[in-house]
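Residue-level listing of the chains:
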Amino acid sequence: MAKVISDVSRTFSEYLLLPGLTKRTASPAKVSLCTPISRYGTGETPRLSLNIPFVSASMQAVSGVDMATALARKGGAAFIFASQSIDDQAAMVRAVKKYKAGFVLSDTNATPDTPLSAVLEKIAQTGHSTVAVTDDGSATGRFLGIVTDKDYWVKEDDLSRPVSAYMTPVENVYLAHSGVSLHEANCLLRKYRKDCLPVINAEGHLDSLVFRKDFIEHTDNPLELIDSEKRLIAAAGINTHDYKERVPALVAAGVDVLTIDSSDGYSEYQRDCALWIREKYGDSLVVGGGNVVSADGFRYLAEEAQLDFVKVGIGGGSICITREQKGIGRGQASAVLEVAAARDEYYEKTGVYVPICSDGGLSNDTQIIIATAMGADFVMMGRYFAMTDESPTEKLSIRGQRYKAYWGEGSNRARNWQRYSDEKNSSGKMKFEEGVDAYVPASGPLSEVLDVTLAKLRSTMCNVGADSLKDFSQKAVLTRISEQSFVEGGTSNVVQLDQTHSEG
Ligand code: RVP
């Protein structure tokens, strides 16, 4: 007869934290968010730690090169999506490893003949207002000039005129030449009092752009996640089908961290894949896997598969309908609590600490905080990052509101046959989908969104009297809340006026 667990399957929003003693000496600035992403033994230092406990999901609509560089610069990591050809994924990893902080490949370009109206559309899509004008409209074409939002007046100027009528031509642009160091480029920006410095090569082709705002951001990013050669850490998703070809290509491209991407990771396929990688590459790679929702699943992947970290969560993702379709899964809070306890028990028994990652279903900052308090060493998110400017999809406007497309890896749109290959039918479509194809509101630049979340996490940690994530989960006291106390936690019996419509 089937066994029924007596505990109800619960979600993060059913819990609150009780504050502990806040010490006078506590301050959010002193809180460390450093967290291990590789297994380690008692007394050892983890081979790799994140500087903030956030990674982005291995999904087409989330983790491309822009996300990977932006998130690594903030101290986390983006798992470049596996549902693409091996060559394309390796090229993305290579781009992350080659990324030189401060030198940006221009993503908003035009030819001199492009009408200003088309340029404005492009600006709306990329969110970047500096436009490089090149002979062929590419990021590396012959450089002819530059247009910024200071060169035209949308309401006054004729939008059908070519961009050449508005641009500052190359002969009047302050330039630098390929080979210039970042320090030199920043000195030139300061000297010329400019916001952007184009870097061109000996043939006059555009190489990159250096922005003043990036210089400021760089000094604001002391948590950058970098390797021993000061290159950004690169992470990528893999599957259990083509790993014998994919992993060597990713390693050749310089990848540092891999995660085996699967909706249900408690499987012999994951063990075989993980052991193959470990045998071939030893400890030079960090390899995680999952997803699991039980102590048994964790122990299997920690012990038998020797994984570096284990991801927790089935069916909680915002675009995920696995629970509805197949009837498997577990409330994310219950899963994290059980797996965190299994991790601690495993550590006590063996002296080996295997970090866990709560993956999916985090829909606001509070839930992120509760997940880490419950013992997740770090969290993986899709929707949160898909909403930011750095996700690979374009912004679109629907009734005045800006959105970005966001679809599950188990949707037909993703065509992720490796992850869901068993379910493909003869007509090339999945027999059933485990994910949906949707939109999310655009939230703005990653750095701004993340700074707010991190500020809240640090502040709550101070309330609990914790100065590190480990300390936080050890000191955390959580209480279950009733539906009534959930309602009480929001605003009540007040009227909030929309200030934009209020009269003098
Ligand atoms: P969320 O952050 O709630 O958007 O969830 C993202 C997670 O959802 C991913 O990390 C992955 O585990 C899961 N996912 C991705 N695609 C699908 C699907 O199509 N069912 N699920």
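This is a predicted model, so every value here is computed, not measured.

Attention now moves to the side chain of Lys74. If you trace the backbone, Lys74 turns up in helix H1 (residues 65-74). Among the residues examined, Lys74 registers a relative accessible area of 9% and is labelled buried. Contact partners of Lys74, with chain neighbours within four places excluded, come to Ile52, Asn221, Leu223, Ser447, Leu450 and Asp451.

Strand order in this open sheet of 3 strands is S21-S22-S23, and the pairing throughout is antiparallel. The open sheet has two edge strands with one neighbour each: strand S21 (395-398) and strand S23 (437-441). When the angles between neighbouring strand axes are averaged without regard to direction, this sheet yields 45°. With 4 bridges connecting them, S21 and strand S22 (residues 401-407) associate as antiparallel partners. Residue pairing in the sheet places Lys395 in a bridge with Lys404 of S22.

Neighbouring the ligand are 22 residues, the closest being Ser318, Asp359, Tyr406, Gly410 and Glu434. One of the backbone N or O atoms of Gly361 is found 2.8 Å from an oxygen atom in the ligand. One of the backbone nitrogen or oxygen atoms of Gly382 is found 2.7 Å away from an oxygen atom of the ligand. When isolated, the ligand has an accessible area of 490 Å², and the protein chains bury 96% of it. Each residue belonging to the shell around the ligand can be placed in one class, and the counts come to 8 nonpolar, 10 polar and 4 charged.

Basis of the calculations
- Residues numbered from 1 in each chain as written.
- Predicted model: local features only at pLDDT ≥ 70, side-chain atom pairs only at ≥ 80, totals over all residues.
- Heavy atoms only, no water.
- Helix = DSSP H or I, 4+ residues; strand = E, 2+ residues; numbered from the N terminus.
- Buried < 20%, exposed > 50% of the residue type's maximum accessible area, 1.4 Å probe, protein only.
- Contact = heavy atoms within 4.5 Å.
- Pairing = 2+ DSSP bridges.
- Axes fitted to C-alpha atoms, helices over the stretch in contact; angles between N-to-C directions.
- Near = heavy atom within 4 Å.
- Polar contact = N/O pair within 3.5 Å; in protein donor to acceptor, adjacent residues only side chain to side chain.
- Areas by Shrake-Rupley, 256 points an atom, 1.4 Å probe, with all protein chains shown as cover.
- Nonpolar A, V, L, I, M, F, W, Y, C, P; charged D, E, K, R; others polar.

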